[in-house]
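Understanding the architecture of this molecule
Now for the letters of each chain:
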Amino acid sequence: METQLQTCYFTKKGPSLITLFGYATKSVPGLEINGLGKYGKAIKEKIVFVTRSRGLQIPMKRFVLNVEISDDLGDLESGSVKWLEYPLLLHYWFLAGLMPISKLDNCLAVGSLTPSGLVEEPLNVQVMNLCEEYDLHLIASTAGLESPRGVIDGNDLFGQVAKLDFKWKQNAPI
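Residues numbered from 1 in each chain as written. Predicted model: local features only at pLDDT ≥ 70, side-chain atom pairs only at ≥ 80, totals over all residues. Heavy atoms only, no water.

**Quick notes on the nonpolar core**
Grouped burial of nonpolar side chains is what soluble globular proteins tend to show. Counting residues in hydrophobic clusters, the biggest one holds 43 residues, and the most contacted among them are Leu-36, Leu-88, Leu-90, Trp-93, Met-99 and Phe-158. Of all the secondary structure elements, the ones that give two or more residues to this core are β1 (2-11), β2 (14-25), β3 (30-34), α1 (38-53), β4 (62-68), α3 (85-95) and α5 (154-159). By residue number, the principal contributor to this core is α3, which donates 8 residues. (Core = buried A, V, L, I, M, F, W, Y, C linked by side-chain atoms within 4.5 Å. Buried < 20%, exposed > 50% of the residue type's maximum accessible area, 1.4 Å probe, protein only. Helix = DSSP H or I, 4+ residues; strand = E, 2+ residues; numbered from the N terminus.)

Next up, the structure:
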C-alpha cells in the first residue's frame, strides 16, 4: 500500500507546499522517516509513543514515510519541522489501515504533536490559499474554517481511532 499527503513547510516567505509519500511492505517491521535528517528520529519516536500509549494495533509491516523538501527551502529548522508531526502521524495511521478515509492524495494537513496527543494547527489565510491553489481538501479541527474543497474534521477522522485534542495556533507562522 502506498499514498501521499500534502503539508506545509513554513519559511520567512510563507508556507511552501511539500509532499509526504510513503508505503507499507511485508518486510522487517518498523517505522522509518526519511528526508528530515536529525529531526526524523525524534518525530518517529513521538509517533510510536502516541500510537502505543493509545493501545493501537499496528500491522507487522515496514512503514516508510518520506518528506520531499526541495533544496530551495534552505536548511531544516526545528520551528518549521515540528509542523510536519501531525501529517506524518496521519500518514502512518492511514498506511496502517486505522483511518476511516479512502485516500489522502488530495488532502493537506499541518500541525505539531505533543506526546500527550495535543495537535496544534497553525492555520492562516496563506494555508487556505494553498488549498485553493492546489485544489486540496484541508484536514483540520479548527471550528469555523472554510476551504474551497471543504474541511475534513480531524476530530471525526481520529475519533474512531484514538483520542487526540486539537488547538488552533493563534500566532501561526506567516
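Once you've had a look at it, read on.
**What to know about the pairing of β1**
Taken across its 10 residues, β1 has 8 buried, putting it largely inside the fold. Two strands pair when backbone bridges link them, and β1 and β2 are joined in this way by 10 bridges, in the antiparallel orientation. Within the sheet, the bridge partner assigned to Gln-6 lies in β2 and is Thr-19. A loop of 2 residues connects β1 with β2, the two strands running antiparallel in sequence. (Pairing = 2+ DSSP bridges.)

**Digging into the environment of Ser-16**
Mapped onto the elements of the fold, Ser-16 is located in strand β2. Each C-alpha atom of the pair Ser-16 and Ser-70 lies 9.8 Å from the other, and the pair is 54 residues apart in sequence.

**A word on unusual backbone geometry**
For residues other than glycine, phi is negative in most cases, and the peptide bonds are mostly trans. For Asp-135, which is not glycine, the phi dihedral falls at a positive 60°. Looking at where Asp-135 falls in the secondary structure, it is placed in the loop between α4 (125-134) and β8 (137-140).

**Things to note about the state of the cysteines**
Following the criterion strictly, the structure yields 0 disulfides and no others. The thiol sulfur of Cys-107 is not disulfide-bonded, and the nearest other cysteine sulfur, from Cys-131, lies at 9.4 Å. Here Cys-131 stays free of any disulfide, with the sulfur of Cys-8 as its closest cysteine sulfur at 7.3 Å. Note on Cys-131: relative accessible area 0%, which makes it buried. (Disulfide = S-S within 2.5 Å.)

**Let's talk about the confidence of the model for the chain**
With 87% of its residues at a pLDDT of 70 or more, the chain shows a mean pLDDT of 85. Averaged pLDDT values for the elements of the chain fall to 72 in strand β10 (residues 165-168) and rise to 94 in β3. (pLDDT = per-residue confidence, 0-100.)

**A look at the packing of aromatic side chains**
One pass over the full model with this rule turns up 2 aromatic pairs. Seen from their ring centres, Phe-10 and Trp-83 are 6.5 Å apart, and the 80° between their planes marks the pair as edge-to-face. Within this pair, whereas Phe-10 is found in strand β1, its partner Trp-83 is found in the loop between α2 (78-81) and α3, the two being separated by 73 residues in sequence. There is no split in this pair, since Phe-10 and Trp-83 are both buried. (Phe/Tyr/Trp six-rings, centres within 6.5 Å; stacked < 30°, edge-to-face > 60°.)

**What about the pairing of β2?**
Bridge count between β2 and β4: 7 bridges; the pairing is antiparallel. Paired with Thr-19 across the two strands is Glu-68, which belongs to β4.

**Section: the layout of surface pockets**
Of the pockets and cavities examined, the second largest pocket occupies roughly 230 Å³. In this structure, the second largest pocket is lined by 14 residues; those nearest its centre are Gly-30, Val-48, Arg-52, Ile-58 and Tyr-92. Elements with a minimum of two residues in the lining of the second largest pocket: β3 and α1. Counting residues per element, the lining of the second largest pocket draws most heavily on α1, at 4 residues. Of the residues contributing to the lining of the second largest pocket, the split by class is 9 nonpolar, 2 polar and 3 charged. (1 Å grid on protein atoms, 1.4 Å probe; cavity = no way out; pocket = protein on both sides within 12 Å on 5 of 7 lines; lining within 4 Å. Points joined across faces, edges and corners; volume = space filled by probe spheres on them. Nonpolar A, V, L, I, M, F, W, Y, C, P; charged D, E, K, R; others polar.)

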